[in-house]
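Summary of structural features
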Amino acid sequence: MIAIIDYGAGNIKSLQFACQRIGLDTCLTTDIPTIKQSAAIILPGVGAFKDAMDALRRHNLVGTITEEASAGKPILGICLGMQLFYEHSFENGNWQGLGLLQGNVSLLPDSVKVPHMGWNTLKHHQRNAILNAINQKAYVYFVHSYAVTDNQKEDLISSSEYGRTVPAIVQSKNITGMQFHPEKSGETGLQLLKNFGEMVS
Amino acid sequence: MLAKRIVPCLDVDRGRVVKGRKFKNIKDVADPVELAKKYNQAGADELVFYDITASSEERNIFLDVVQNVAAEIAIPFSVGGGIRSVDDIHRTLRAGADKVSINSAAVKDPQILTDAAMKFGSQCIVLSIDAKAVSTNKWQVYINGGRTDTGMDAIEWAMDGEKRGAGEIVINAIDTDGEKNGYNLELTRAISEHVNIPVIASGGAGTMGHFSNVLKTGGADAALAASVFHYGEINIAELKDFLSENSITVRREPSWK
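Procedures and definitions
- Residues numbered from 1 in each chain as written.
- Chains lettered and ligands numbered in written order.
- Predicted model: local features only at pLDDT ≥ 70, side-chain atom pairs only at ≥ 80, totals over all residues.
- Heavy atoms only, no water.
- UniProt positions renumbered as here; feature names shortened; annotations may be inferred.
- Helix = DSSP H or I, 4+ residues; strand = E, 2+ residues; numbered from the N terminus.
- Rg over C-alpha atoms; globule rule 2.2 N^0.38 Å.
- Buried < 20%, exposed > 50% of the residue type's maximum accessible area, 1.4 Å probe, protein only.
- Contact = heavy atoms within 4.5 Å.
- Lys, Arg positive; Asp, Glu negative; His and termini not counted.
- Charge placed at Lys NZ, Arg CZ, Asp CG, Glu CD.
- Salt bridge = Lys/Arg side-chain N within 4 Å of Asp/Glu carboxyl O.
- Pairing = 2+ DSSP bridges.
- Arc of directions from axis to C-beta.
- Polar contact = N/O pair within 3.5 Å; in protein donor to acceptor, adjacent residues only side chain to side chain.
- Axes fitted to C-alpha atoms, helices over the stretch in contact; angles between N-to-C directions.
- Parallel < 35°, antiparallel > 145°, perpendicular 65-115°, else oblique.
- Left-handed = near helix turned anticlockwise from the far one by under 90°.
- Nonpolar A, V, L, I, M, F, W, Y, C, P; charged D, E, K, R; others polar.

If you look chain B up in an unreviewed UniProt entry, it shows as Imidazole glycerol phosphate synthase subunit HisF from Virgibacillus siamensis. Within the UniProt record for chain B, the comment given under Function (unreviewed entry) is "IGPS catalyzes the conversion of PRFAR and glutamine to IGP, AICAR and glutamate. The HisF subunit catalyzes the cyclization activity that produces IGP and AICAR from PRFAR using the ammonia provided by the HisH subunit."

Chain A carries the name Imidazole glycerol phosphate synthase subunit HisH in an unreviewed UniProt entry, which gives Virgibacillus siamensis as its organism. Turning to chain A, the UniProt record has this under Function (unreviewed entry): "IGPS catalyzes the conversion of PRFAR and glutamine to IGP, AICAR and glutamate. The HisH subunit catalyzes the hydrolysis of glutamine to glutamate and ammonia as part of the synthesis of IGP and AICAR. The resulting ammonia molecule is channeled to the active site of HisF." Per UniProt, chain A carries the Subunit (unreviewed entry) text "Heterodimer of HisH and HisF."

Pasting the structure below:
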């Protein structure tokens, strides 16, 4: 069973429906024992970085997520959930993240319309099981105003171009992040979720 | 590169999709969930559902539709019609909608845009504007399904809406709606030039050329249409081929030809 952390973030019902459709067993939860017993964790997220971190703290989940991450459990962060993995976000201030991955989160440049909203193409940087059956230039659906920067080069699996290079899929060992919404990215998105499911034993 | 979006729009009355002409003479066409699935498979990039009924018990029927759609499709969709409060927005997002589109309620009390954007994020707050020409290159905002002139300038309202927190604008040209003679390019371009958020053009699609015109000349980020899709006059896959041949970036899935 995959625990989808239900800390009040956005449209998680769609995420659960998408997982259901590809045969992944999920539950929406903030219950620490349930999260500890799960085979994998999905950290969704829509909204502001600070609010999301505050919500995780309020549910006493920061320690749990960090411990499960270092124990090697597969964890997928989606959109803001991926950004929370990093050290700091400069979204209206300077906020500390979970620090599971090296790098920060900053506003997209004003040379483009912000938020980055719509379907954009992926550019793969390395071979990786998460990209199984995902073509170069496959389209995925983005909705975000902030993006990861200063990330470790070896963590970048796939990126998109929007005013600058936007890390779209990142991975370091058991930790995977997707800046776009796989649950809203048609067939490609469902395949990506399926690929994540394959990493879950 | 960011793709231009093709957005079928489904007007829903008592759980059924309907299509009117200039908001009148409404005709029944189909089951919203079946149609949503069909458009998802056909290559639509996003869907819009408008609840055109108003009473509260019918509103619950509509929320069931929203939930059933969310269970069946893996592309984003927005929901509008009858959204009057932050609570309405919350209920609609909880039912599985990705975005909520606000029209009359924002005109009556623009604070709803700010409150909603603060609470749920601008990315899910769409300002829908019904505009009608009053003189050359001047459009005014209408509400209540195009029946009431607010006297507000459409371009100024779009700019104000962006400042207040809207993350996207749907601009519906009342004059061209349902006529199938093309989108209102001047209106769409005027709005696109004055805001820095995505603009969805609506009202007037009849041919594939109309789509390429509004996405190029009109500067729209997305084009919305209803009857040409509902009645099978334009096939979305063929439309995307056509747009692609006309140098417009459109999304494709691996399984599509």
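1. What to know about the overall build of chain B
A tally of regular secondary structure across chain B gives 10 helices and 12 strands. For chain B, the C-alpha radius of gyration of 17 Å lies close to 18 Å, the compact-globule estimate for 257 residues. Taken along its principal axes, the extent of the C-alpha atoms in chain B is 45 × 45 × 35 Å. Among the 257 residues that make up chain B, the fraction classed as buried is 60%. Within chain B, contacts between residues separated by at least 24 positions form 66% of all contacts whose residues are at least 6 apart in sequence. Where the 30 positive side-chain charges of chain B centre and where its 35 negative ones centre are 2 Å apart.

2. As for the pattern of salt bridges
Applying the stated rule across the entire model yields 22 salt bridges over all chains. Note that A:Glu67 is salt-bridged to A:Lys36, the shortest N-O span being 3.7 Å. Of this pair, A:Glu67 sits in helix α4 (residues 61-70) while A:Lys36 is found in helix α2 (residues 32-37), placing the two residues 31 residues apart along the sequence. On the basis of relative accessibility, which here comes to 44%, the residue A:Glu67 falls in the partly exposed class. Between B:Asp13 and B:Arg14 there is a salt bridge, with the nearest N and O atoms lying 3.2 Å from each other. A relative accessible area of 17% places B:Asp13 in the buried class.

3. Notes on the UniProt feature "active site" (unreviewed entry) in chain A
Residue and element names in this part refer to chain A. According to UniProt, the positions carrying the feature "active site" (unreviewed entry) are Cys 79, His 181 and Glu 183. The greatest C-alpha distance among the residues just named is 10.9 Å, despite their covering 105 residues of sequence, which places them together in space. Counting through the fold element by element, Cys 79 comes out in the loop between β4 (75-78) and α5 (80-83). A relative accessible area of 5% places Cys 79 in the buried class. Ignoring anything within four residues of it in the chain, the contact list for Cys 79 reads Gly 45, Val 143, His 144, Met 178, Gln 179, Phe 180 and His 181. Mapped onto the elements of the fold, Glu 183 is located in the loop between β14 (175-178) and α6 (186-199). Looking at Glu 183, the relative accessible area reads 6%, which means it is buried.

4. Notes on the sheet that holds strand β5 (residues 88-89) of chain A
On the basis of which strands lie adjacent, the open sheet formed by four strands has the order β6-β5-β7-β11 (chain A) and mixed pairing. Looking along the sheet, the strands with just one partner apiece sit at the ends: β6 (95-96) and β11 (146-149) of chain A.

5. Some details on the sheet that holds strand β9 (residues 123-124) of chain A
Residue and element names in this part refer to chain A. The strand order β2-β1-β3-β4-β14-β13-β12-β9 describes an open sheet built from eight strands, whose pairing is mixed. A single partner strand is all that each edge strand has here, and the edge strands are β2 (26-29) and β9. The sheet contact formed by strand β3 (residues 40-43) and β4 spans three bridges and is parallel. Bridging from a neighbouring strand, Ile 42 pairs with Leu 76 of β4.

6. Looking at the pairing of β11(A)
Walk down a regular strand and you will see the side chains alternate between the two sheet faces. All names here are of chain A. Of the two faces of β11, the one carrying Tyr 146 and Val 148 and the one carrying Ala 147 and Thr 149 are both buried. With four bridges joining them, strand β7 (residues 104-107) and β11 adopt antiparallel strand pairing. Looking at β11, one finds that Leu 107 is bridged to Tyr 146.

7. Observations regarding helix α10 (residues 236-245) of chain B
Residues and elements named next belong to chain B. Every buried residue of α10 is listed here: Ile 236, Leu 239, Lys 240 and Leu 243. All buried residues of α10 project into a common sector of 100 degrees when viewed along the axis, lining one side. Sitting at the head of α10, Asn 235 places a side-chain oxygen 2.9 Å from the backbone nitrogen of Ala 237.

8. Looking at the side chain of A:Thr26
By the element assignment, A:Thr26 lies in strand β2. If sequence neighbours within four positions are ignored, A:Thr26 has contacts with A:Met1, A:Ile2, A:Ile4, A:Gln16 and A:Cys19.

9. Some details on the environment of B:Asn40
Residue and element names in this part refer to chain B. Mapped onto the elements of the fold, Asn 40 is located in helix α1 (residues 32-42). Using a relative accessible area of 16% as the deciding quantity, one classes Asn 40 as buried. Considering only alpha carbons, one finds Asn 40 and Ile 75, 35 residues apart in sequence, at a separation of 6.9 Å. Ignoring anything within four residues of it in the chain, the contact list for Asn 40 reads Glu 72, Ile 73, Ala 74 and Ile 75.

10. Side note on the packing of helix α8 (residues 208-216) of chain B against α10(B)
All names here are of chain B. Packing of α8 against α10 brings their axes to within 10 Å, and their N-to-C directions diverge by 50 degrees. The angle between α8 and α10 places the two elements in the oblique class. The crossing of α8 and α10 is right-handed. For the pair formed by α8 and α10, the contact residues are Met 208, Gly 209, Phe 211, Ser 212 and Leu 215 on the first element and Glu 238, Leu 239, Phe 242 and Leu 243 on the second. Of the residues belonging to the contact of α8 with α10, the class tally is six nonpolar, two polar and one charged.

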